[in-house]
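For reference, the chains in residue letters:
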Amino acid sequence: MSSKNSMNANKNFNKEASPQSKTKKLKKKLGPQWTKDELERFYEAYQKHGRDWKKVAASVENNRSVDMVEALFSMNQPYLSLPEASVDGLAAIMTAHYSLFEESESKGEGHDASGVTRGFPIKKLHDAEDLDKQCTLILTEGDSAKHLVMAGLSSLQRKTYGVYPLQGKLLNVRIASQKSIKKNRELQNIKTIIGLKDETSYTTTDSLRYKHVMVMTDQDEDGVHIKGLLINFFHHKWPQLLKLNPPFLSEFRTPIVKVKNRNGVEAKSFYSMAEYSEWKEQQEDNLSKWETTHYKGLGTHTSEEGCEYFKHIDNHKRVFVCDDDKDHGEAIDGAFNANSKYRKEMLENFDPNSHHHETEARQITFTDFIEKDLASFFMANMKRSVPSMLDGLKPGQRKILHCLLKRSSNEDIKVSQVSALVLTHCDYYHSEKALNNTIIKMAQQHVGSNNLPLLQSLGQFGTRIAGGQDAADPRYLRTKLSQETRILFPKEDDKYADAHTGSLNDEDRKNTEPTPYYPIVPMVLVNGCRGIASGWSTFIPNYKLKDVISNVERLLNDEKTEPMDPWYEGFEGTITKDGENRYKTFGRLEESSGNAETRLVTELPIEVWTNNYVSSLDKGKENRGKVSAFIENYLDRSNDTTVSIQIELKKTEKKMTPEEEKEILGLTTMLSTGNMYLFDENDMIKKYESPQEIIEDFYEARLKAYDKRKVAKFSYLS
DNA sequence: CTGAAGGCTAC
DNA sequence: TCTCGTAGCCTTCAG
């Protein structure tokens, strides 16, 4: 009971004598959500499970209450400290808690900023000591960056700087529902820390605990994205805030490259690769006199460097400003709204060379930030999410294949060790976890995943039961190249992929960024692909290897290619064309012998997983009107590879065709071929209208590669 | 018409 | 140690 609010509420609450009026008051405060009964159950559950709200909610066993439990727990947790007291005490806390919740939602009446005084317990917040002064809240990307700030701030600075670490990507409030904004703890905490209220127009920051916000992220594209999401949050909820002068928002930049003269006297810092490259070109022969250090994330900087940065904080600070001629709302909205049009246009006009972080610039307009800095994230997001037409691989996947192809033997290796290989030999600056996931996905072979996995799955790589999400931990999994991989990706072509690294001659970056491979057939059609980027997403279904080969052979024979339909290895249902760019997939439904109402499901449509399907048969509240409405009962006898679900249909007068039965039983899905985007031979994004078009494009490029190979092989003749 | 959910590489 | 949040696009489907 550390909170002032809770205590007040408790006092008020105790004034009410009878248990009935207590419940009444609660009902008034909490809306229709809670009965005394539910409170008691909640109290028990809370004692048992603590802050594990999912378990608590499950124990409460009431859908209305589940929402409330969730809402309560997503508030500032420290307020919810359970006293020794009983249900009544709990009720008091919840009352207080909920009123806080309500106030933050309502017009802000009755809730003065002093209700949130210094030292209030938000986990991981380091509050400024002297909030009466003009204080700045530093929002960092992750905990380790917070530690760098804490190490760097002088004792004087600690009076006026608060620090709060952000975890991962911030919610995009422009497209999020009210409900998800409310329950997003990160945003609610930021609001509480700064003292911002909804529906308030700020022409001054007088009422705020912090007068300025400074964001400090890694100096990479994802860091830029996080800055953008934060700008988006403030702009969407309090647009006036960003127009204030002096500016409300700023960023703290750290160098990504530092060079030190080997005689130890001179040193220089760079805030962008463009800037560094420019300097490097000017050095020519003098380059060897300099010692270079690259900084990958904020965690790479030492505490001493942290101190150095904050000693000269003004050199690192860049403020976000509006210039009055422009409507910056348009750019911010375009970057984060639900329509990808603006982002498409921005990427189509994107010129990587115009993207310069000028070290000396101490301010940047929001529009410049979006169109220059943020556009580089959109581009990076495209590059890592959309595969190449040539090898059908995204850069992460390609690096995995690259490392395995380069190994001297093809012995089993742990998935986690493959990741380690990639981190050692390639430029990969992202999380190992994502890499492990990618390896697992490349090796999966359940129906609906790869037709021809390039990697073998030695261990539990996931099954159709849970769509592959039931894979074991990477440290238990082993893999190696599949038998076919070397045939599809001939050794003779390797050097065309890894000769170009863009950095082999760069003494700072010795690792490789392999360019696309040239498999002998367009593998992107065999295993399909899907990716979600910025501006575009892509989806290509799986096709049959033999069909692909036949079409390649037709081209070799100067014949025309023939249309192809999607095909999935091991799939026992059917796939039929259902209009232009659409295919319909059907599971398999058999009539059990003897009983007119009994059916046996022996195959599910593509990308429907056994677990999901079976739970759709349950008669829960959330399934009303769905499949479960048509069935009496079911029995699931499926295993990890086969589907066998016995269904007892409800008796109806109407006789249904097998197709109609599949329809109402949820045994169909759609595959679209209308969103097939790939990077083409020239590394340009291209929309493909048909699999044939992909094969034809591939064919041209592949022929050129054969030519290159021939020239290289016989070069000694000339 | 709106909202939610699934898929996937990233923080 | 493990589970869980967030982005981004497009499609489908329920309400």
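Residues numbered from 1 in each chain as written. Chains lettered and ligands numbered in written order. Predicted model: local features only at pLDDT ≥ 70, side-chain atom pairs only at ≥ 80, totals over all residues. Heavy atoms only, no water.

1. Things to note about the overall build of chain A
Regarding its fold elements, chain A presents 26 helices and 22 strands. By residue count, 51% of the 718 residues in chain A fall in the buried class. Look at the contacts in chain A between residues 6 or more apart in sequence, and 65% of them connect residues 24 or more apart. When the accessible surface of chain A is split by element, carbon and sulfur atoms take 48% of a total near 35,300 Å². (Helix = DSSP H or I, 4+ residues; strand = E, 2+ residues; numbered from the N terminus. Buried < 20%, exposed > 50% of the residue type's maximum accessible area, 1.4 Å probe, protein only. Contact = heavy atoms within 4.5 Å. Areas by Shrake-Rupley, 256 points an atom, 1.4 Å probe, with all protein chains shown as cover.)

2. Considerations on the protein's contact with DNA strand B
Contacts to DNA strand B come from 19 residues, most closely from Glu 141, His 430, Ser 431, Arg 530 and Trp 609. Sugar and phosphate atoms constitute 80% of the interface atoms of DNA strand B, taking the interface as everything within 4 Å of the protein. A distance of 2.5 Å is found between a sugar or linking oxygen of DNA strand B and a side-chain nitrogen or oxygen belonging to Glu 141. At a separation of 3.4 Å, a base oxygen of DNA strand B approaches a polar backbone atom of Lys 169. Looking at the surface near DNA strand B, the elements that each hand over two or more residues are α10 (221-237), α19 (432-443) and β12 (529-532). The element that contributes the greatest number of residues to the surface near DNA strand B is α19, accounting for 3 residues. (Near = heavy atom within 4 Å. Polar contact = N/O pair within 3.5 Å; in protein donor to acceptor, adjacent residues only side chain to side chain.)

3. Quick look at the nonpolar core
Counting 57 residues, the largest nonpolar core has Ile 190, Ile 194 and Phe 234 as its most contacted members. At 8 residues, the largest contribution of residues to this core is made by helix α16 (residues 366-385). For Ile 194, the residues in contact, after removing those within four places along its chain, are Leu 137, Leu 208, Arg 209, Tyr 210, Val 213, Phe 234 and Phe 248. Among the nonpolar cores identified, the runner-up in size contains 52 residues, and Leu 393, Ala 443, Cys 529 and Tyr 699 belong to it. (Core = buried A, V, L, I, M, F, W, Y, C linked by side-chain atoms within 4.5 Å.)

4. Digging into the pattern of salt bridges
Per the stated rule, a full pass over the model turns up 34 salt bridges. Taking the shortest distance from any N to any O, the salt bridge between Asp 143 and Lys 124 comes out at 3.0 Å. In this pair, Asp 143 sits in helix α7 (residues 143-152) while Lys 124 sits in the loop between α6 (87-105) and β1 (136-141), placing the two residues 19 residues apart along the sequence. What makes Lys 124 partly exposed here is its relative accessible area of 37%. Ionic pairing is found between Arg 318 and Glu 251, a salt bridge with its closest N-O pair at 2.6 Å. Placement of the pair is Arg 318 in strand β8 (residues 317-321) and Glu 251 in strand β4 (residues 249-252), with a sequence separation of 67 residues. A single network of salt bridges, built from pairs that share partners, joins Lys 227, Glu 251, Arg 318 and Asp 373. (Salt bridge = Lys/Arg side-chain N within 4 Å of Asp/Glu carboxyl O.)

5. Here we look at the UniProt feature "active site" (unreviewed entry) in chain A
The UniProt record marks Tyr 476 with the feature "active site" (unreviewed entry), using the residue numbering of this structure. Within the secondary structure, Tyr 476 sits in the loop between α19 and β11 (478-479). Overall, Tyr 476 belongs to the exposed group, its relative accessible area being 55%. (UniProt positions renumbered as here; feature names shortened; annotations may be inferred.)

6. Some remarks on the environment of Lys 326
Secondary-structure assignment places Lys 326 in the loop between β8 and α14 (328-336). Look at Lys 326 and you get partly exposed, because its relative accessible area is 46%. Considered as a pair, Lys 326 and Thr 367 are 41 residues apart in the sequence and their alpha carbons are 8.3 Å apart.

7. Section: the domain arrangement of chain A
Each assigned domain of chain A is listed here: domain 1 (4-101), domain 2 (106-254 + 298-385), domain 3 (255-294), domain 4 (395-539) and domain 5 (574-672). Taking only C-alpha atoms into account, the centre of domain 2 sits 49 Å from that of domain 5. (Domains from an automatic or database assignment.)

8. Some points on the protein's contact with DNA strand C
Around DNA strand C, the surrounding shell holds 25 residues, and the nearest of these are Asn 172, His 225, Arg 343, Lys 433 and Ser 537. Each atom of DNA strand C within 4 Å of the protein belongs either to a base or to sugar and phosphate, the latter forming 80%. Measuring from a phosphate oxygen of DNA strand C, one finds a side-chain N or O atom of Lys 344 at 3.2 Å. A distance of 3.4 Å is found between a sugar or linking oxygen of DNA strand C and a side-chain nitrogen or oxygen belonging to Ser 537. Of the residues belonging to the surface near DNA strand C, the class tally is 7 nonpolar, 9 polar and 9 charged. (Nonpolar A, V, L, I, M, F, W, Y, C, P; charged D, E, K, R; others polar.)

9. Structural notes on α19
One turn of the α-helix equals 3.6 residues, which is why residues spaced by three or four share an orientation. Look at α19: 17 Å from first C-alpha to last across 12 residues, which is about the 16 Å you get at 1.5 Å a residue. Residues of α19 that are buried include every one of Leu 435, Asn 436, Ile 439, Ile 440, Met 442 and Ala 443, and no others. The arc enclosing the buried residues of α19, seen along the axis, measures out at 160°, which places them on a common side. The exposed set on the far side of α19, more than 90 degrees from its buried face, consists of Lys 433 and Lys 441. For α19, the secondary structure elements touched by its buried residues are α17 (395-406), α18 (415-425) and β11. (Expected span 1.5 Å × (residues − 1). Arc of directions from axis to C-beta.)

10. Here we look at the sheet that holds strand β15 (residues 582-586)
Spatially, 3 strands are ordered β14-β15-β20 in an open sheet, and the strand pairing comes out antiparallel. The open sheet has two edge strands, β14 (574-577) and β20 (668-672), and neither has a second partner. Strand-to-strand twist of the sheet, defined as the mean angle between neighbouring strand axes without regard to direction, takes the value 25°. As judged from the 5 bridges shared by β15 and β20, these two strands associate in the antiparallel manner. Note on β20: the bridge partner recorded for Arg 582 is Ser 672. (Pairing = 2+ DSSP bridges. Axes fitted to C-alpha atoms, helices over the stretch in contact; angles between N-to-C directions.)

11. Some words on the packing of aromatic side chains
All chains considered together, the criterion is met by 14 aromatic pairs. Arranged with centres 5.4 Å apart and planes meeting at 85°, the rings of Phe 234 and Phe 248 form a pair that is edge-to-face. Here the residue Phe 234 occupies a position in helix α10, and Phe 248 occupies one in the loop between α10 and β4, the gap between them amounting to 14 residues. Residue classification places Phe 234 among the buried positions, given a relative accessible area of 0%. An angle of 50° between the planes, with centres 5.3 Å apart, marks the rings of Phe 270 and Trp 279 as tilted. The lysine or arginine in question, Arg 253, covers the ring of Tyr 271, its NZ or CZ lying 5.3 Å from the ring centre. One cation-aromatic arrangement involves Arg 702 over Tyr 706; the distance from NZ or CZ to the ring centre is 3.8 Å. (Phe/Tyr/Trp six-rings, centres within 6.5 Å; stacked < 30°, edge-to-face > 60°. Lys NZ or Arg CZ within 6 Å of the ring centre and 35° of its normal.)

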